[in-house]
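What follows is each chain in one-letter form.
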Amino acid sequence: MKKRIIIVGAGPGGLTAGMLLASRGFDVSIFESKSTVGGRSSGLKVGPYTFDVGPTFLMMDFVLKEVFQAAGRRVEDYLSLMPLDPLYRLIFDDREIEMTGDRDRMRKEIERHFPGNGAGYDRFHVEEKARFEALMPCLTRDYSSLSSFLSLTLAKAVPHLGLGKSVFQNLSRYFNDEKLVLSFTFQSKYLGMSAWECPALFSMLPYVEHAFGIYHVRGGLHKISEAMARVVEEAGGHVHLNTPVKTLLFDGDAVVGVELENGQKEMADAVVLNADFGHAMTRLVPPERQGKYTPERLKKRDFSCSTFMMYLGVNQKVPMNHHTIVFARDYKRNVREVFKEKVLSRDDFSFYIQNASVTDPTLAPEGKSALYVLVPVPNQKSGLNWEREKGPFREKVLRLIEERTPLKGLSSQIEEERIVTPADWENQGQVYLGATFNLAHRFSQMLYLRPHNEFEEFRNCYLVGGGTHPGSGLPVIYESARISSDLISRKFNVPVPVSPGR
């Protein structure tokens, strides 16, 4: 008799787990409240334009290939991965830098803008490669018990953790100009954190970009989730859309199934939670069972920033790179306002623009462009009234785009538009506090100190996604699913294939 596994949520973590478990012979059912798969990594159609809702950078493509291979599939049979070069363009108040994974070209670009820093770039590659190779094994193992945490693997990696240093401090060892340091530290925002607070170990993020490249997926990164759902079904699993879960079902301290919003009860041998962690604990778990994750205790934890999103269908071709990051003129002040003071930066803030249709013509009608605009803003702890702020902030974003990028007259060129605020992330997106990057990645909320893959509060319950180990970002979310799937397989004496590349 097959063991039945219920997965709550069809985000990247839930779909990866579903793919792996179904391919190993488990009876897998995924229940998703929305009409599409992908969660924060789903697609969005606005008129004839197509957008990714959330992630637009695919890094460490080898992890994606490995989880498909572990499910007995080839990613090339489902997806077309398109390498990007340049990686992105960075716009400061006095210069623009084209970042590339080609080391010779990148060194020349650095020397052109920041003379004398080329050697630092070479040291960055050598030292951050060593950090990545030491820490990657730590990100692919389970820390659901103290004994697994106190491992030789982690002990060997301790010298590479950069304890007591931030990403900004660490990268300042290589470069003597603050703007060049910022060019290699803004990636801390992928974790929803300030570069001055993000632990130095995450210096490996820019290394990963420069060493392994950044990819686009033809049709949008949401095609990954759609492909994974297809693999789940091919392997005998079932993805149930428009089927929200109301609550977890318990027998003592064990999770034994879920009750759907329609009142139907579905029983299982194990349950995998892929819902946003804070949302799951406050909405899907009865108050008497929330343990150390009550609403009061959750509020005391440190959560990432949120994002103000604009998805714009523009009636002409846009003369911009696939990825562009524009830095606030006073970047440090903007970061302080978002992360520390939790106030809205009014006239000077950083933003990111994706112009994916310059690479992928399937996303917009011929001669037109699909623009994705992201502005880091405070999460919902700010108390901001987004009903009141939404309109004025939209105007400020458009004004800054027109001032600081080639997109002059953008406001008059928009023919389709969708806006998502932190309040929308929280209420419609079911993202706790609208914190789009989940729990912050401080040492006090990482590894053994992050909610465990084999959840410590209940038996038969496993976590996947950004709220558990290893953390946020597509590659590590895939890893979270691999870790939890392996734990479930071992629990039920199902052989775990040797992971390719491990």
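In what follows, the structure referred to is the one given above.
Counting restarts for each chain, with residues numbered from 1 along the sequence as it is written. Since the coordinates come from a predicted model, pLDDT governs what is reported: local features require at least 70, and pairs of side-chain atoms require 80 or more to be given and counted, while whole-chain, interface and lining totals use all residues. Based on all heavy atoms of the structure, the side-chain values leave hydrogens and waters out of the count.

A. How the structure looks around the overall build of the chain. When you go through the chain residue by residue, the secondary structure sums to 16 helices and 20 strands. Only the C-alpha atoms count toward the radius of gyration. The rule for a globule is 2.2 Å times the residue count to the power 0.38. Against the compact-globule benchmark of 23 Å for 502 residues, the chain has a radius of gyration of 22 Å, which places it among compact chains. With the principal axes as the frame, the chain shows a C-alpha extent of 65 × 50 × 45 Å. Residues classed as buried in the chain amount to 62% of the 502 residues present. By the criteria applied, helices consist of DSSP H or I runs no shorter than four residues and strands consist of E runs no shorter than two, each listed in order from the N terminus. Each residue is placed in one exposure class: buried if its accessible area under a 1.4 Å probe, protein chains only, is under 20% of its type's maximum, exposed if it is over 50%, and partly exposed if it falls in between.

B. Molecular detail of the sheet that holds strand E11 (residues 245–251). An order of E11-E12-E13 is seen for the three strands of this open sheet, with the pairing classed as antiparallel. Each of the sheet's edge strands pairs with one partner strand only, and the pair in question is E11 and strand E13 (265–267). On average, each strand axis in the sheet is inclined to that of its neighbour by 30 degrees, with strand direction left out of account. Pairing of E11 with strand E12 (residues 254–260), which is carried by six bridges, proceeds in the antiparallel orientation. Within E12, the position partnered with Thr247 by the bridge is Glu259. Here, any two strands with at least 2 DSSP bridges between them count as paired. Note on definitions: angles span 0 to 180 degrees between N-to-C directions of axes, and those axes are lines fitted to C-alpha atoms, for helices only across the stretch in contact.

C. Quick peek at the packing of helix H3 (residues 103–113) against helix H4 (residues 118–139). Orientation of H3 relative to H4, taken along the N-to-C sense of each, is 140 degrees, at an axis distance of 8 Å. As far as their axial angle goes, H4 and H3 are oblique. For the crossing formed where H3 meets H4, the hand is right-handed. Packed against H3, whose contacting residues are Arg103, Met106, Arg107, Ile110 and Glu111, the element H4 presents Gly118, Ala119, Tyr121, Asp122 and His125 at the interface. For the contact of H3 with H4, the class distribution of residues is four nonpolar, two polar and four charged. Our angle categories are set so that under 35 degrees counts as roughly parallel, over 145 as roughly antiparallel, 65 to 115 as roughly perpendicular, and the remainder as oblique. Crossing handedness is defined as follows: a turn of the near helix away from the far one that is anticlockwise and smaller than a right angle gives a left-handed crossing, while the clockwise case is right-handed. Here, two residues are considered to be in contact whenever any of their heavy atoms come within 4.5 Å of each other. As a working rule, the residues Ala, Val, Leu, Ile, Met, Phe, Trp, Tyr, Cys and Pro are called nonpolar, Asp, Glu, Lys and Arg charged, and the rest polar, with Gly in that last group.

D. Up close: the packing of helix H2 (residues 61–70) against helix H16 (residues 474–491). The geometry of H2 relative to H16 is characterised by a closest axis approach of 9 Å and an angle of 30 degrees between their N-to-C directions. Between H2 and H16, the angle is such that the two are roughly parallel. You can see that H2 and H16 cross each other, and the crossing is left-handed. For the pair H2 and H16, the contacting residues are Val63, Leu64, Glu66 and Val67 in the first and Pro475, Tyr478, Glu479 and Arg482 in the second.

E. Representation of the side chain of Thr247. With respect to the element layout, Thr247 can be found in strand E11. At 3.1 Å, the side chain of Thr247 forms a polar contact with the backbone oxygen of Leu284. Those residues within four positions of Thr247 in sequence are excluded, and the remaining contacts are Val258, Glu259, Leu284 and Pro286. Here a polar contact means two N or O atoms within 3.5 Å. Within protein one must be a hydrogen donor candidate and the other an acceptor candidate, and residues neighboring in sequence count only if both atoms are side-chain atoms.

F. Seen up close, unusual backbone geometry. For the bond running from Asp85 to Pro86, omega is 5 degrees, close enough to zero to count as cis. Along the polypeptide, Pro86 turns up in the loop between strand E6 (81–84) and strand E7 (88–91). Omega for the peptide link from His469 to Pro470 comes to 5 degrees, which places this bond in the cis form. Its place among the elements puts Pro470 in the loop between strand E20 (461–463) and H16. Phi at Met60 takes a positive value of approximately 50 degrees, unusual for a residue other than glycine.

G. Just the sheet that holds strand E14 (residues 270–273), in detail. As summarised here, the arrangement of the five strands in space is E10-E2-E1-E14-E20, forming an open sheet in which the pairing is parallel. The open sheet has two free edges, formed respectively by strand E10 (238–240) and E20, since each of these has just one partner strand. Pairwise comparison of adjacent strand axes, ignoring direction, gives a mean angle of 20 degrees for this sheet. As defined by bridge partners, strand E2 (residues 27–31) adjoins E10 across three bridges and the pair is classed as parallel.

H. Fine view of H16. The span one expects for a helix is its residue count, reduced by one, times 1.5 Å. Between the first and last C-alpha of H16 there are 26 Å, a value that for 18 residues agrees with the 26 Å anticipated at 1.5 Å per step. Of all 18 residues that make up H16, 16 are buried, and the element is covered over most of its length. After H16 finishes, the residue Asn493 shows a positive phi value of roughly 60 degrees.

I. View of the pairing of E14. Burial along E14 is two-sided: the face carrying Ala270 and Val272 and the face carrying Val271 and Leu273 are both buried. As paired strands, strand E1 (residues 4–8) and E14 are joined by four bridges and run parallel to one another. Across the sheet, residue Ile6 finds its bridge partner in E14, namely Val271. By the bridge criterion, three bridges tie E14 to E20 in an arrangement that is parallel. The residue bridging Val272 from the neighbouring strand is Tyr462, located in E20.

J. Expanded view of the nonpolar core. Take the buried residues of types Ala, Val, Leu, Ile, Met, Phe, Trp, Tyr and Cys, join any two whose side-chain atoms come within 4.5 Å, and each joined set is a nonpolar core. Leu64 and Phe68 are the most contacted members of the largest nonpolar core, which has 114 residues in total. Looking at which element gives the most residues to this core, the answer is H4, with seven residues.

K. Spotlight on the packing of aromatic side chains. To pair, rings of Phe, Tyr and Trp, with the six-membered ring standing in for Trp, must have centres within 6.5 Å; the planes then decide the type, stacked if under 30 degrees apart, edge-to-face if over 60, and tilted in the middle. One pass over the full model with this rule turns up 33 aromatic pairs. When the centroid spacing of 5.7 Å and the interplanar angle of 65 degrees are considered together, the rings of Phe51 and Tyr311 count as edge-to-face. Here the residue Phe51 occupies a position in strand E4 (residues 49–52), and Tyr311 occupies one in strand E15 (residues 306–314), the gap between them amounting to 260 residues. By relative accessible area, which is 3% here, Phe51 ends up buried. Note on Tyr311: relative accessible area 1%, which makes it buried. A ring pair is formed by Tyr311 and Tyr372, whose centres lie 5.7 Å apart and whose planes are at 80 degrees; its orientation type is edge-to-face. Placement of Tyr311 in strand E15 and of Tyr372 in strand E18 (residues 369–377) is noted, with a sequence separation of 61 residues between them. Within the aromatic cluster, the residues linked to one another by ring pairs are Phe51, Phe57, Tyr88, Phe92, Phe168, Phe186, Trp196, Tyr311, Phe327, Tyr331, Tyr352 and Tyr372. Here, over-ring charges are defined by two tests on the NZ atom of lysine or the CZ atom of arginine: distance to the ring centre within 6 Å, and angle to the ring normal within 35 degrees. Lying over the aromatic face of Phe492, Lys491 brings its terminal NZ or CZ to 5.6 Å of the ring centre.

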